[in-house]
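So the chains spell out like this:
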Amino acid sequence: MHRIVQTHLKKFLSEKGIVEKDPSKQFEFFVNYCITSRFFTGKFDVRDITTADEDAGIDGIAIIADGELVTTEEEVTALFSSHKKSIEVEFVFIQSKTSDKFDKKQMASFGEGVFDFANETPEFPHDDILTEASKIFEIVVENVDKVKNGKPNASTYFVTTGVWNNERELEAALKTTQRKVNGTGYFNKVESKKIDRDELIKIWSSIHQPVEAIVKVKGYVPYNEMKGVEESYIAIIPAQNYVESLLLAEDGKMRGGIFDENVRAYLGETNDVNKKIKETLQSEELKDYFALLNNGITIVSPDVRVQSDSISLSNYQIVNGCQSSHVLFRNKEKLSENTMITAKVIEVDNPEIVNKIVEATNNQSHVSNEKFLSLKSKSKLVESYFNSWNEESEDDSKVFFERRDNQYAGLGISDTKIFDIRTVARAFASMFLEIPHTSASYPTQIFEQSGDNLFEDNQNEIAYYTAALALYKFNRLFNSKKLPGNFGKYRWHTLMLLKYVINGKSKAPETNSKKITSYCTKIIEALSEPRDEHLKYFEQCKDIIEKGGWASKDRLKRSLHTNELKELIKNELK
């Protein structure tokens, strides 16, 4: 393996806390993370998309639906049960090889594996990851009337550490894979791509480097000075340049991560507002009036530099205008040189001011997702509570609540210690609401499933910290292989059992009671024991789970199994 790739691979494994001796498997994790990050910029566990050794010639599979990475059939079922229509769905198939060359037979085998996956009765063996992906695929096929263009898209990536030299037979192998997958009739758009050493390095580097852009402007006017705001402008930007400079990534897709601070994801072309925006852009009579008809864009950046006819931005976020931006991007060929947009460009690094801007520019309608919940006063108190514990804790017991996306980027904090609002909610729901089956089944919809019981004003912040600390300790022990490999799928159920193992069989106090403080403190102290002495508590949980019999993935998602484990632990602790 090339030394530069090895260096990046080591950094990746360290950041993600992955302990894996097999170089081929290490490389699979690395490649799957890099490729999937091109389609999905949120946090995800690469193990959820990486297949086992007995796969069907597919090393990784990522399914992106409505902008989210979905890993369970329950998630995609819930999505199609919603009011949404014209949902974009993409299946991403990945094969990675550590060899320093591209092999035609291996490429052909990969194509056969993807082709077989789409068959109604696959012949190749499927592990748990591919089995779940197949179930998701079936649900998508059954709901194609709600899928954009009537079919999902598919992308295949064959990755090696070699250099691509445009050999004719290898080009033919790629085209053959594309033709075979397209021939299944299940996909709308099929792309078959190769990634060589240089491209892989470029993808990895782009994930870690700041997003920078220079956008041309027709004119701008500065706002008056404001406390906490370095600079701010109202600018008129040619729509074509806005798309090409700020939205378009090198691979032709929408730039990832630039809408992380926006409380709304793209709502699709059938949304009434988006439909009208599209109609305006497609009208020769109206497209030049776009700046007058549209509410405009709001962009925040910690570094704004103004020249005579352009504005330079670094690490910018489009905090309002997600819908307009996506419609502009999808209709870029319709834009004329007279189509303009109005934009507020604000240089600010104060998170509280950023939050106020996000709230003020997104108050048109209720948004019931984690983005808006991150602005609730309780979530801010939880963040402060985590920080107060970290000031007094040993390094091995520090965990960080990432209330806002990427707020700890560049601070040298291991990814294994950082938990976003969704993951903290799943941990809390598992441990204290005792619904680990929901956390296992609906990772992208935990707020829709249990939103009324999350980040409520009367809840004690210590419960959220305790649950996150327990999850961190579990992950660290599991990643270092001190817990068995088949135990990973039980992480949410383990959190529920752990509090009984440490505190006894009595029911936990309500999270809004005074007693919850001493209850949680006992758990925190147990988990903070040095030299992994707390392993014994997790092993007790494992013993309970083994007595109940190792469950299938389907059984893990059922409340019945949760109740069976609760009965087992209470009987064990008599």
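Parameters at a glance
- Residues numbered from 1 in each chain as written.
- Predicted model: local features only at pLDDT ≥ 70, side-chain atom pairs only at ≥ 80, totals over all residues.
- Heavy atoms only, no water.
- Pairing = 2+ DSSP bridges.
- Helix = DSSP H or I, 4+ residues; strand = E, 2+ residues; numbered from the N terminus.
- Axes fitted to C-alpha atoms, helices over the stretch in contact; angles between N-to-C directions.
- Contact = heavy atoms within 4.5 Å.
- Salt bridge = Lys/Arg side-chain N within 4 Å of Asp/Glu carboxyl O.
- Buried < 20%, exposed > 50% of the residue type's maximum accessible area, 1.4 Å probe, protein only.
- Phe/Tyr/Trp six-rings, centres within 6.5 Å; stacked < 30°, edge-to-face > 60°.
- Lys NZ or Arg CZ within 6 Å of the ring centre and 35° of its normal.
- Patch = residues over 30% accessible without salt bridge, like charges linked within 9 Å, V, L, I, M, F, W, Y side chains within 5 Å.
- Areas by Shrake-Rupley, 256 points an atom, 1.4 Å probe, with all protein chains shown as cover.
- Right-handed = clockwise from strand over helix to strand, strands pointing away.
- 1 Å grid on protein atoms, 1.4 Å probe; cavity = no way out; pocket = protein on both sides within 12 Å on 5 of 7 lines; lining within 4 Å.
- Points joined across faces, edges and corners; volume = space filled by probe spheres on them.
- Nonpolar A, V, L, I, M, F, W, Y, C, P; charged D, E, K, R; others polar.

## Looking at the sheet that holds strand E2 (residues 68-70)
Moving on, step 1. With mixed pairing, the five strands of this open sheet are ordered in space as E2-E1-E3-E4-E5. In this open sheet, the two strands that pair with only one neighbour each are E2 and strand E5 (190-195). Strand-to-strand twist across the sheet, computed as the mean angle between neighbouring axes with direction ignored, equals 25°.
Moving on, step 2. Of the strand pairs in this sheet, strand E4 (residues 153-160) and E5 are connected by six bridges, and their pairing is parallel. If you follow serine 155 over to E5, its bridge partner there is glutamate 191.
Moving on, step 3. Helix H2 (residues 23-36) rests against strand E1 (60-65), E2, strand E3 (89-97), E4 and E5 of the sheet, and its axis sits at about 150° to E3.

## Some thoughts on the pattern of salt bridges
Moving on, step 1. Enumeration over the complete set of coordinates arrives at 37 salt bridges.
Moving on, step 2. Linking lysine 547 and glutamate 572 is a salt bridge whose minimum nitrogen-to-oxygen distance equals 2.8 Å. Within this pair, whereas lysine 547 is found in helix H21 (residues 535-548), its partner glutamate 572 is found in helix H23 (residues 559-572), the two being separated by 25 residues in sequence.
Moving on, step 3. The exposure class of lysine 547 is exposed, given its relative accessible area of 55%.
Moving on, step 4. When salt bridges that share partners are traced, they join Asp396, Lys473, Arg476, Lys482 and Asp532 into one network.

## Remarks on the environment of valine 354
Moving on, step 1. Relative to the helices and strands, valine 354 resides in helix H12 (residues 351-361).
Moving on, step 2. Note on valine 354: relative accessible area 9%, which makes it buried.
Moving on, step 3. Separated by 188 residues in the primary sequence, valine 354 and asparagine 166 have C-alpha atoms spaced 47 Å apart.

## Some points on the packing of aromatic side chains
Moving on, step 1. One pass over the structure, following the stated rule, counts 36 aromatic pairs.
Moving on, step 2. Their ring planes at 55° and their centres at 6.2 Å tell us that phenylalanine 40 and phenylalanine 44 sit as a pair that is tilted. Here phenylalanine 40 and phenylalanine 44 have matching classes, each one buried.
Moving on, step 3. On the basis of an interplanar angle of 75° and a centroid distance of 5.4 Å, the ring pair of phenylalanine 137 and tyrosine 186 is categorised as edge-to-face. With phenylalanine 137 in helix H5 (residues 128-142) and tyrosine 186 in the loop between helix H6 (168-183) and E5, this pair connects stretches of sequence that are 49 residues apart.
Moving on, step 4. Among the residues examined, tyrosine 186 registers a relative accessible area of 27% and is labelled partly exposed.
Moving on, step 5. Ring pairing ties together the aromatic residues Tyr385, Phe386, Trp389, Phe401, Phe428, Phe432, Phe455, Tyr464 and Tyr465, which thus form one cluster.
Moving on, step 6. Lysine 180 extends its terminal NZ or CZ atom over the ring of phenylalanine 115, reaching a point 4.4 Å from the ring centre.
Moving on, step 7. Between the NZ or CZ atom of lysine 332 and the centre of the ring of phenylalanine 329, over which it lies, the distance is 4.1 Å.

## Concerning a nonpolar patch on the surface
Moving on, step 1. A cluster of nonpolar side chains, namely Leu286, Tyr289, Leu292 and Leu293, defines an oily patch on the protein surface of about 440 Å² accessible area.
Moving on, step 2. Within the element layout of this structure, leucine 293 appears in helix H10 (residues 290-293).

## Brief notes about the pairing of E4
Moving on, step 1. The element E4 is largely enclosed, with a buried count of eight among its eight residues.
Moving on, step 2. Of the two faces of E4, the one lined by Asn153, Ser155, Tyr157 and Val159 and the one lined by Ala154, Thr156, Phe158 and Thr160 are each fully buried.
Moving on, step 3. For the segment spanning E4, H6 and E5, crossover handedness is right-handed.

## Here's the deal with the layout of surface pockets
Moving on, step 1. For the second largest pocket, the calculated volume is near 290 Å³.
Moving on, step 2. Phe432, Leu433, Pro509, Glu510 and Thr511 are, among the 16 residues lining the second largest pocket, the residues nearest its centre.
Moving on, step 3. Classifying every residue of the lining of the second largest pocket gives five nonpolar, five polar and six charged.

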